[in-house]
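Close look at the chain arrangement
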Amino acid sequence: MPTDGDDTERQPTGQGTPPHAGADTLPSPTPDRPDQGGDDPTATDADRGAPQPAEDPEPHGQRLLRRLLGAGTLALDATPRARLHGWLWALGVTALAGFLRLWNLERPHKLVFDETYYVKDAYSLLMRGYEASWGEEPNARFEAGDTSMLGTDPAYVVHPPVGKWMIALGIRLGGGVESSAAWRLAAAVCGTLAVLMIARIARRLFASTALGTTAGLFLALDGQAIVHSRVSLLDPFLMFFALAAFGCLILDREQARRRLAARAGALLDAGGPLRWGPGLGFRWWRLAAGVLLGLAIGTKWSGLYFLAVFGLLTVLWDATARRTAGVRPWVRATLVKDAVVAFLVMVPTAALTYLASWAGWFATDNGWDRHWAENNPGQGVQWLPPALRSLWSYHQGMWRFHSDLDTPHSYAAGPLGWIVQWRPTSYHYPQEVSGLTGDAAQQACGAASCSQAIVAVGNPLIWWAGTAAILVALFWLVRYRDWRAGAALSGIVAGWLPWFVYSERTIFTFYTIAFVPWVVLTLVYVLGLLVGPPVGDDGTARDRRARRWTIIAVGVFVALVVAVGLFFYPVWAAFVIPYDQWHLRMWLPTWI
């Protein structure tokens, strides 16, 4: 993989030193590291943004830009070759991901796990504009392409419609319900695009084409990501929209800092004081993040946690930017100039996007509870219009359903074990395959007994190493205030930690698909710490030799991740394989 564009200031040369963040770190409790690129309490007035002596010819804007973004980020796209490599390697791992997700996507031609709800609901949205009932035992006929049992009575559904509209779009573009590949097309496309997004996001986050490519490769070869790109559930769309929103905020962070450097530099060059610092103008990337987070919430309500965490994260980035630029009342300045604006841009945008996602329900007369307000005058929130009052009543029922959900399930799993994939969800293990014997088994898999499985288990090396990486990243965040550690951990905080509040409910390990990208980012972040920057001219031969061996070790680990991913692929993609081969891949007894 290429090394051009790597952040050569990621870590000061020498052992035992923390990584250079390439931009601001959060304010450090230790004032002895001015090379960290953050707001250093020992910095001179010139460093902090006060007017410099006349003998320093460097404009304030250039100096602030270097402090706010770091040399690595500024050099990342400095040459056509670096920009070309940044796209070619990202597209390369995306092509691999597309192959693994689209190859034989129609297998099995059977509604798998909760596809029994979401695929049929998606087709109902296409035909009726709302989720209608299907009658008794409709699956076999639906799988045969017969949709005549779709009725007009509303069905009670407990998730918003965006994910189902995505599935419906795939059905429409993929050839209709006769094709099981069409059922899953939208999930496969979004899963593939997620690999492209994470490769580009990680490249910008870590100022390294090599680390960005590694992140894309890991997501391309993770089992949760592959399975949920080949099965039409809602959670992969939640992940897709949340990841896209995160990418928008990464771009917004860079754009805002460029504006801050230019505008604050102009003030200082003119001899004026910074006071609270300049305004940063309207931020379109932040607006786009609000729309995408609204779509995430419109897929599953757990998208609300991503809105909360990412909203706090983007404001925190603004706070550290103002402090690094030399704004002294940086807390008040951030609250007034950034936090309020961020809230007013992101939260109402997400709310309006969510409301718009119910357009099909508003446009029909037969959706569930569509006319509840008219049928229950004097009840509900009286100041709302009837349609919104009906929707609010519907949402209250959905909330009660989710809060009280406690149905025993053999694959239910508490959130503590999710991070190590302790009890993965088995989606498919048909008896018509496992029950084959004799010649039938020989013809099917070349053995005395066969298996066909879809097991939603992550790539064990990614998840087990990722668990350790989370601990390292937490240490680096607390000890060195590295913003990249906080960014990588943010999606894990939003996607995993809230479920501990609902641990008494019936919940599943496959919910981890929502935060798989951030497990990957955290792991890649720690690999970047291990490798460190190139050894400078003042480095010793021993330093160069140590770094070379570290790169080799990391390369071996990456190769093992690839090998393990290919090894597990048959039980992620419903291959018919000998029973012994299936059992060989069940590494833990809790996986069976």
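Residues numbered from 1 in each chain as written. Predicted model: local features only at pLDDT ≥ 70, side-chain atom pairs only at ≥ 80, totals over all residues. Heavy atoms only, no water.

**Focus on the packing of helix α7 (residues 180-206) against helix α8 (residues 209-220)**
Axis separation between α7 and α8 bottoms out at 7 Å; the angle between their running directions is 150°. Accordingly, the angle class assigned to the pair α7 and α8 is roughly antiparallel. In the packing of α7 onto α8, the handedness of the crossing is right-handed. When α7 is examined against α8, the residues A194, V195, I198, A199, A202, R203 and F206 are found in contact with a partner set consisting of T209, L211, G212, A215, G216, L219 and A220. (Axes fitted to C-alpha atoms, helices over the stretch in contact; angles between N-to-C directions. Helix = DSSP H or I, 4+ residues; strand = E, 2+ residues; numbered from the N terminus. Parallel < 35°, antiparallel > 145°, perpendicular 65-115°, else oblique. Left-handed = near helix turned anticlockwise from the far one by under 90°. Contact = heavy atoms within 4.5 Å.)

**Observations regarding unusual backbone geometry**
Here the amide bond leading from R107 into P108 is cis, since omega sits at -5°, within 30 degrees of zero. Along the chain, the position of P108 falls in the loop between α3 (80-102) and α4 (115-128). Positive phi values are uncommon outside glycine, yet F113 reaches one of about 50°.

**Brief notes about a nonpolar patch on the surface**
Together, W276, V331, L335 and V336 give the surface a local cluster of nonpolar side chains, amounting to about 350 Å² of exposed area. Mapping V331 onto the fold places it in helix α13 (residues 330-356). For V331, a relative accessible area of 45% translates into the label partly exposed. (Patch = residues over 30% accessible without salt bridge, like charges linked within 9 Å, V, L, I, M, F, W, Y side chains within 5 Å. Areas by Shrake-Rupley, 256 points an atom, 1.4 Å probe, with all protein chains shown as cover. Salt bridge = Lys/Arg side-chain N within 4 Å of Asp/Glu carboxyl O. Buried < 20%, exposed > 50% of the residue type's maximum accessible area, 1.4 Å probe, protein only.)

**Looking at the state of the cysteines**
Inspection of the entire model under this criterion finds one disulfide. What pairs with C445 in a disulfide is C450, and their sulfur atoms sit 2.1 Å apart. Judged by the sign of its S-S torsion, about -80°, the bond between C445 and C450 is left-handed. Neither C445 nor C450 differs from the other in exposure class; each is buried. Distance from the sulfur of C190, which forms no disulfide, to the nearest cysteine sulfur (C248) is 14 Å. Taking the relative accessible area as the measure of exposure, C190 reaches 6% and is therefore buried. (Disulfide = S-S within 2.5 Å.)

**Observations concerning the pattern of salt bridges**
Taken as a whole, this structure holds 15 salt bridges when the rule is applied. A salt bridge links R203 to D77; its shortest N-O distance comes to 2.9 Å. Of this pair, R203 sits in helix α7 while D77 is found in the loop between α2 (60-76) and α3, placing the two residues 126 residues apart along the sequence. Exposure remark for R203: the relative accessible area of 2% places this residue in the buried category. Residues D318 and R286 are paired through a salt bridge, measuring 2.9 Å at the closest nitrogen-oxygen approach. With a gap of 32 residues between them, D318 in helix α12 (residues 303-325) and R286 in helix α11 (residues 284-297) connect regions that are remote in the sequence. Take D318 and R286: they sit in the same class, and that class is buried. Through salt bridges with shared partners, one network takes in D77, R203, R204, E254 and R258.

**Regarding the packing of aromatic side chains**
Tallying each qualifying case throughout the model produces 54 aromatic pairs. An aromatic cluster of three or more residues is present, and its members are F113, W418, Y427, W499, Y502, F508, F510 and Y511. Residue placement shows R253 over the ring face of W483; its charged tip is 3.5 Å from the ring centre. (Phe/Tyr/Trp six-rings, centres within 6.5 Å; stacked < 30°, edge-to-face > 60°. Lys NZ or Arg CZ within 6 Å of the ring centre and 35° of its normal.)

**Description of the confidence of the model for the protein**
Looking at the protein, the pLDDT average stands at 90 and 90% of residues meet or exceed 70. Predicted confidence for residues 1-54 stays below pLDDT 50, and this span has 153 contacts to residues more than four positions away or in other chains. (pLDDT = per-residue confidence, 0-100.)

**Observations regarding the environment of L391**
By the element assignment, L391 lies in helix α16 (residues 386-404). Residue L391 is classed as buried on the basis of its relative accessible area, which comes to 5%. Residues L391 and G539, 148 residues apart in the sequence, show an inter-C-alpha distance of 66 Å. The residues touching L391, leaving out its near neighbours within four places in the chain, are L355, W358, W361 and F362.

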